[in-house]
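A closer look at the structure
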Amino acid sequence: MSQQKKTIHIISHTHWDREWYLPYEKHHYLLIEFMDQLIEILEADTDFKSFHLDGQTIILDDYLEVRPEKKKKIKRLIEDGRIHVGPWYVLQDEFLTSSEANIRNLQYGFKDARKWGSLSKIGYFPDSFGNMGQAPQILHQAGIKHAAFGRGVKPTGFNNLVGESDMYESPYSEMRWQAPDGSEVTGILFANWYCNGNEIPVERDLAKKYWDGHLEAMEKYAASDHFLMLNGCDHQPVQVDLSAAIRTAKELYPDYEFIHSNFNDYVNAIDRQLSKPKLKEVKGELRSQHTDGWGTLVNTASSRLYLKRMNHEVQTFLEKEVEPLATFAYLLGEDYDHDILEYAWKTLMQNHPHDSICGCSVDEVHREMVTRFEKSKHMAESLKQATLKKIGAKIDTSSFIQYSNQSVPFVLFNSTGLPKTGVATVEIDFIRSYFADGVNRKSIEEFDLDGYALVDLDGKEYAYHIDDVKIVFDYDLPKHQFRQPYLAKRATVSFEAKDVPSFSHRTFAFVQIAKSTKADERSIAQEANTLENNFLKVEINPNGSLTIFDKQTKEVFPNLLIYENSGDIGNEYMYKQASEDLPITTEDSEASVELIENTSIRATYEIIHQWEIPESAEAMLQQEQQQLVGFNTRKSKRSNKKILLTITTKVSLEKNGTGVNVEVTYDNNAKDHRLRVLFPTTIESSHHYADSIFEVAKRNNVPSEEWTNPDYSQHQQAFVSMHNDVKGITIANKGLNEYEILRDKANTIAITLLRAVGELGDWGYFPTPEAQCLGAHKASFKIFPHIGNRNREIVYHDAYQYAVPWSTLQLPVQTGELSGNYQYFSYKSDHPIAQTSLKVATNKKDVMIRFFNMMDQPGSLEIKANPLIDTKYESNVIEEKVNEWIDKHQINLKPYEIKTIGMIPNRKK
Ligand SMILES: [Zn+2]
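Just so it is clear, the structure is predicted and the values come from calculations on it, not from any experiment. (Residues numbered from 1 in each chain as written. Predicted model: local features only at pLDDT ≥ 70, side-chain atom pairs only at ≥ 80, totals over all residues. Heavy atoms only, no water.)

**Some thoughts on the state of the cysteines**
- Evaluated as defined, the whole model comprises 1 disulfide.
- There is a disulfide in this structure between Cys195 and Cys233, and the S-S distance comes to 2.0 Å. Its S-S torsion of about 65° marks the bond between Cys195 and Cys233 as right-handed, since a negative value means left-handed. Separated by 38 residues along the polypeptide, Cys195 in the loop between strand 7 (184-189) and helix 6 (204-221) and Cys233 in the loop between strand 8 (226-231) and helix 7 (242-252) bring together distant segments of the chain.
- Of the cysteine sulfurs around Cys360, a residue in no disulfide, the closest is that of Cys358, at 5.0 Å.
- Given a relative accessible area of 0%, Cys360 falls into the buried group.
- The closest cysteine sulfur to the non-disulfide-bonded Cys773 is located on Cys360, 13 Å from its own sulfur. (Disulfide = S-S within 2.5 Å. Helix = DSSP H or I, 4+ residues; strand = E, 2+ residues; numbered from the N terminus. Buried < 20%, exposed > 50% of the residue type's maximum accessible area, 1.4 Å probe, protein only.)

In structure tokens form, the structure reads like this:
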């Protein structure tokens, strides 16, 4: 066998952060310059074979927005294989966007790349701050067999450390990367970073020096004879003399083969040569666990937390309300507006690139993000409103006429895939007076809300509480008429809805019958500073912390909800505790406690902490920043000057609540600090669980030996959970993406509420005064005590459910084709599975539902027969048909499998 020449695959690319150390439009200007030049060189130089356009299709949209006349040229270059695009829409942060947002990013990226005429089949994560464990499964399902990433794994070669046999280390830049379900892709780590072939010299002497160093560096990590050399870097302009540089290299090194390559050719070449056993296997999440912990960038999870909260709100709204409700309407024969949803999703996903959602850019970038969140939300709200109206028009409420013609019906939707019990709050207009009829303000003012009872379709009466009544101005915007303004007497009413089935609606009405005064109207706060229902007893301590008694396990959790504050002299990427700084806490403080709501369905205490904290870091920090002193060698302490931080905490318990709701509001006036809330779990365990992307990830409480950073913060999605066989505690959250397990005896869960810093960090000094997050903030979380390992999945379901509110719509008394109580669709599983989406397939007519298996045991799932569904099939994350449906209703799930099911609707006409 003849010795094969070693081949250098030079792949031209640019890593295009759409916004980062410059505002969006300034990078955009440079992008236009860049694309103009790229087209020019590709047309002029046929030796310049091809260019990899950074794995994200959005930059083509960005360019064409300004130069629409270039569309044809670009399409031709893509079809000819000169420009490689996709598979993503944006280069997202994997951990700070939801499971479904990661999938939408791939779906729209695929759709757009195919429209352009080509698709780069590589899971491209060049700059991701760590990689989600299920990425190999997601990519595998999409037919992608390779992933390239820049972070998350430390090959043994780094710093010449040859570690013990450690599952996260690989001797090569190529490795087998396995998802928890066993799906595998070939992982390619940019061991010498994605700039390792940048600016290749043409001139012989310079080229010799360059290549000697670079060839040695590549040989060190490459498992095959094919070396990957990325000709480009962050916002790197095209190297116009690259063809000449390659000619020089060929002359200098006849023993090597140099080709101007692309990822598709490169992965084919390594596949032909690499045998699987040679490569080491890495499993699951790649979070840089085996590094010193100083460069993981995990604290971007707490940078500008207001953005994470907004992102959580909008993505949950799209996934768990708008899409399922639009699917209900679709099953009833209405159109599904793919275009509006694509627009709302894409507008949201423009906030998902790693430098955007991570909060690690300059202030202008993040200001624009706030507007994008609002734009996406407003479009989605309009679609939801229109959808509810269409469904509402079909719902029969005529039976409420039996009480009187003054009955006020409304419908409550559970758009989630889980049954729901809890307090629902609805806004009801008891009387309206349209301007067109001449407003009669007096009749509205005098309208009496007494004498109404709340009943369901069976006539069952519900206790309710009026939270607020006011006279409001509002208007209708009819589809075929001019706007219709009115005044209304509007009440905000709360009641408890119990066991509302998944994917269903229920109809209720306020009717004029004598309200019965029931005996079970026992309020929830019976004793001073105490909340109690059948499941929990919560005591509020003088320092404002909670002691929760779990009636099922008889376990007590004391000292929950202590606030902690420490100095932060780091930057948007990294937390660094101020020098000689001990965190302060509210443990020894005294809080004011007041009962502000106490009904039979819910009670709430308001706890106020008046807390003095240092106003900022010493002035020295600014000098250190300006002098580019690395954050981990800074010496700044916190200032001696104190200012007041007033934290208002509302703690609520519902009648049948299995968790304690907490809403925190405060005005931040301090700089350079971190605020967290602590939950000492008192649970002995070596590990904990965190909700991640299609995975409830099991993580060790103690970092690896190499880890020297005192902070060991981690990412979370919906919750973090600690339990052993006896007891457990799970904290669900809304957009609080960072937590840490404090490795004291109590195994305390610390959740970051705020991180305030003054600079971007990274490669220079970029001041970011708005990253100090001055002003009003809000945080929401829910504390669930539970029984150890046995029923943790029930609590996980409660935690997922916590994020999604009820949807409500007031209706007239009307006849309709649709029953007032109706379940659109249902499934059943005895196994711990989580349902993540219900929508109509992009470009298709089928209804798609997705689940994942939360456990390491196989399970099954039953889709119940339904007149609205014709046939079902097994699908994948890009909504293709994979298998016929074999069993009549049942489908099997492998451990940790992500399962998408396609359903052909039998639409009512
Ligand atoms: Zn980047």
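**Structural notes on the sheet that holds strand 31 (residues 713-715)**
- Across the sheet, 6 strands lie side by side as 23-22-28-35-34-31; this open sheet has antiparallel pairing. Unpaired on one side and paired on the other, strand 23 (584-585) and strand 31 mark the two borders of the sheet.
- In the sheet, strand 34 (residues 738-742) pairs with strand 35 (residues 748-756) via 4 bridges, with the strands oriented antiparallel. From the neighbouring strand, Ile741 faces strand 35, where its bridge partner is Ile749. (Pairing = 2+ DSSP bridges.)

**Thoughts on the coordination of the zinc ion**
- Surrounding the zinc ion are the protein donor atoms His15 (NE2), Asp17 (OD), Asp127 (OD) and His354 (NE2), at 2.0 to 2.1 Å.
- With 4 donor atoms in place around the zinc ion and angles of 89 to 160° between them, the coordination shape is irregular.
- The sequence motif formed by the donor residues of the zinc ion is H-x1-D-x109-D-x226-H. Residue Asp17 is found in the loop between strand 1 (6-12) and helix 1 (24-44), and its partner Asp127 is found in the loop between strand 4 (123-125) and helix 5 (135-141); the two are separated by 110 residues along the sequence. Residue Asp17 shares its accessibility class with Asp127, and that shared class is buried. (Donors = N, O, S within 2.8 Å, 3.2 Å for Na, K, Ca; no water. Tetrahedral: all angles 85-135°; square planar, octahedral: opposite > 155°, others 65-115°.)

**What to know about helix 10 (residues 338-349)**
- Across its 12 residues, helix 10 extends 16 Å between first and last C-alpha, which sits within 8% of the 16 Å expected from 1.5 Å per residue.
- All of the buried residues along helix 10 are Leu341, Glu342, Ala344, Trp345, Lys346, Thr347, Leu348 and Met349.
- In the core, the buried residues of helix 10 are packed alongside helix 4 (99-116), helix 9 (305-331) and helix 12 (363-392). (Expected span 1.5 Å × (residues − 1). Contact = heavy atoms within 4.5 Å.)

**A closer look at the pairing of strand 20 (residues 546-550)**
- By the criterion of burial, strand 20 is predominantly enclosed, with 4 of the 5 residues buried.
- Of the pairings in the sheet, the one linking strand 19 (residues 536-540) to strand 20 comprises 5 bridges and is antiparallel in character. Looking at the pairing, Glu539 lines up with Thr547 of strand 20.
- Linkage of strand 19 to strand 20, two consecutive antiparallel strands, is achieved through a turn of 5 residues, within which Gly544 is found at a positive phi near 90°.
- Taken together, the 4 bridges between strand 20 and strand 21 (residues 555-560) define a ladder with antiparallel strand orientation.

**Description of the packing of helix 1 against helix 2 (residues 58-66)**
- One can describe the packing of helix 1 onto helix 2 by two numbers: an axis separation of 9 Å at closest approach and a directional angle of 90°. It follows that helix 1 is roughly perpendicular to helix 2 by the angle criterion. Here Tyr24, His28, Leu31, Ile32, Met35, Asp36 and Ile39 of helix 1 lie close against helix 2, whose contacting residues are Ile59, Leu60, Asp62, Tyr63, Glu65 and Val66.
- Class assignment for the residues of the contact of helix 1 with helix 2 results in 9 nonpolar, 1 polar and 3 charged. (Axes fitted to C-alpha atoms, helices over the stretch in contact; angles between N-to-C directions. Parallel < 35°, antiparallel > 145°, perpendicular 65-115°, else oblique. Nonpolar A, V, L, I, M, F, W, Y, C, P; charged D, E, K, R; others polar.)

**Quick look at the side chain of Asp225**
- With respect to the helices, strands and loops of the structure, Asp225 is situated in the loop between helix 6 and strand 8.
- As a buried residue without a salt bridge, Asp225 has its nearest oppositely charged side chain in Lys6, at a separation of 4.7 Å.
- Beyond its immediate stretch of four places on either side in the chain, Asp225 contacts Lys6, Thr7 and Gln273. (Lys, Arg positive; Asp, Glu negative; His and termini not counted. Salt bridge = Lys/Arg side-chain N within 4 Å of Asp/Glu carboxyl O.)

**Here we look at unusual backbone geometry**
- Cis geometry is found at the peptide bond from Gly86 to Pro87, where omega equals 10°.
- Looking at the secondary structure, you find Pro87 in the loop between strand 3 (83-84) and helix 4.
- Even without being glycine, Arg304 reaches a positive phi, approximately 50°.
- Mapped onto the secondary structure, Arg304 falls in the loop between strand 10 (281-283) and helix 9.
- Unlike most non-glycine residues, Glu580 shows phi in positive territory, near 50°.
- For Glu580, the position within the fold is in the loop between strand 22 (562-567) and strand 23.
- Of the residues examined, Glu580 reaches a relative accessible area of 73% and is grouped as exposed.

**Let's talk about a nonpolar patch on the surface**
- A contiguous nonpolar patch, built from Phe435, Val439, Phe473, Tyr475 and Leu477 and spanning about 500 Å² of accessible area, is present on the exposed surface.
- Along the chain, the position of Leu477 falls in the loop between strand 15 (464-476) and strand 16 (484-500). (Patch = residues over 30% accessible without salt bridge, like charges linked within 9 Å, V, L, I, M, F, W, Y side chains within 5 Å. Areas by Shrake-Rupley, 256 points an atom, 1.4 Å probe, with all protein chains shown as cover.)

**Considerations on the pattern of salt bridges**
- For the coordinates displayed, the defined rule picks out 54 salt bridges.
- Two residues, Arg432 and Asp429, come together in a salt bridge whose shortest N-O distance is 2.9 Å.
- Since its relative accessible area comes to 6%, Asp429 is described here as buried.
- Measuring nitrogen to oxygen at the nearest pair gives 3.6 Å for the salt bridge that ties Glu555 to Lys727. Residue Glu555 is located in strand 21, and its partner Lys727 is located in the loop between strand 32 (719-723) and strand 33 (728-733); the two are separated by 172 residues in the primary sequence. Accessibility assignment for this pair places Glu555 and Lys727 in one class, buried.

**A few points about the confidence of the model for the chain**
- Confidence in the prediction of the chain, expressed as mean pLDDT, is 94, and 97% of residues score 70 or more.
- The low-confidence segment residues 157-167 (pLDDT under 50) makes 16 contacts with residues lying over four places distant or belonging to another chain. (pLDDT = per-residue confidence, 0-100.)

**Overview of the packing of aromatic side chains**
- Under the criterion given, the structure shown has 42 aromatic pairs.
- Among the aromatic side chains, those forming a connected cluster through ring pairs are Phe410, Phe430, Tyr452, Tyr462, Tyr464, Phe495, Phe508 and Phe510.
- One residue, Arg372, lies across the ring of Tyr24, its end atom 6.0 Å from the ring centre.
- Against the face of Tyr689 rests Arg792, its NZ or CZ located 4.3 Å from the ring centre. (Phe/Tyr/Trp six-rings, centres within 6.5 Å; stacked < 30°, edge-to-face > 60°. Lys NZ or Arg CZ within 6 Å of the ring centre and 35° of its normal.)

**Re the environment of Asn598**
- Along the chain, the position of Asn598 falls in strand 24 (residues 592-598).
- Remark: the alpha-carbon pair of Asn598 and Ser523, spanning 75 residues in sequence, is separated by 5.9 Å.
- The residues contacting Asn598, other than those within four sequence positions of it, are Ser523, Ile524, Ala525 and Ala603.
- Separated by 2.9 Å, the side chain of Asn598 and the backbone nitrogen of Ala525 make a polar contact. (Polar contact = N/O pair within 3.5 Å; in protein donor to acceptor, adjacent residues only side chain to side chain.)

**Observations concerning empty space enclosed by the protein**
- In this structure the tally under the stated criterion is 7 cavities of 30 Å³ or more.
- Space inside the largest cavity adds up to approximately 520 Å³.
- Glu319, Lys320, Asp691, Ala718 and Tyr800 are the residues nearest the centre of the largest cavity, which is lined by 34 residues in total.
- Looking at the lining of the largest cavity, the elements with two or more residues in it are helix 4, helix 9, strand 29 (687-692), helix 15 (792-802) and strand 40 (833-840).
- Broken down by element, the residue count for the lining of the largest cavity peaks at 7 residues, all from helix 9.
- Approximately 150 Å³ is the volume attributed to the second largest cavity.
- Around the second largest cavity, the lining comprises 17 residues; the ones closest to its centre are Ser173, Leu189, Asn192, Asn196 and Leu228.
- Sorting the residues of the lining of the second largest cavity by element identifies strand 7, helix 6 and strand 8 as the ones contributing at least two each.
- A total of 4 residues in the lining of the second largest cavity trace back to one element, the largest contributor, which is strand 8.
- Split by residue class, the lining of the second largest cavity holds 12 nonpolar, 4 polar and 1 charged. (1 Å grid on protein atoms, 1.4 Å probe; cavity = no way out; pocket = protein on both sides within 12 Å on 5 of 7 lines; lining within 4 Å. Points joined across faces, edges and corners; volume = space filled by probe spheres on them.)

**A few points about the sheet that holds strand 9 (residues 256-260)**
- What the 3 strands build is an open sheet, ordered 8-1-9; its pairing is parallel. Of all the strands in the sheet, just strand 8 and strand 9 have a single pairing partner and so form its edges. For this sheet, the mean inter-axis angle between neighbouring strands, taken without regard to orientation, is 20°.
- Where strand 1 meets strand 8, 6 bridges bridge the pair, whose relative direction is parallel. Each bridged residue has a counterpart across the sheet, and for Ile10 the counterpart in strand 8 is Met229.
- Against the sheet, helix 6 engages strand 1, strand 8 and strand 9, with an angle of about 125° to strand 8.
- Across the sheet, helix 8 (residues 263-273) touches strand 1 and strand 8, and the angle it forms with strand 8 is around 160°.

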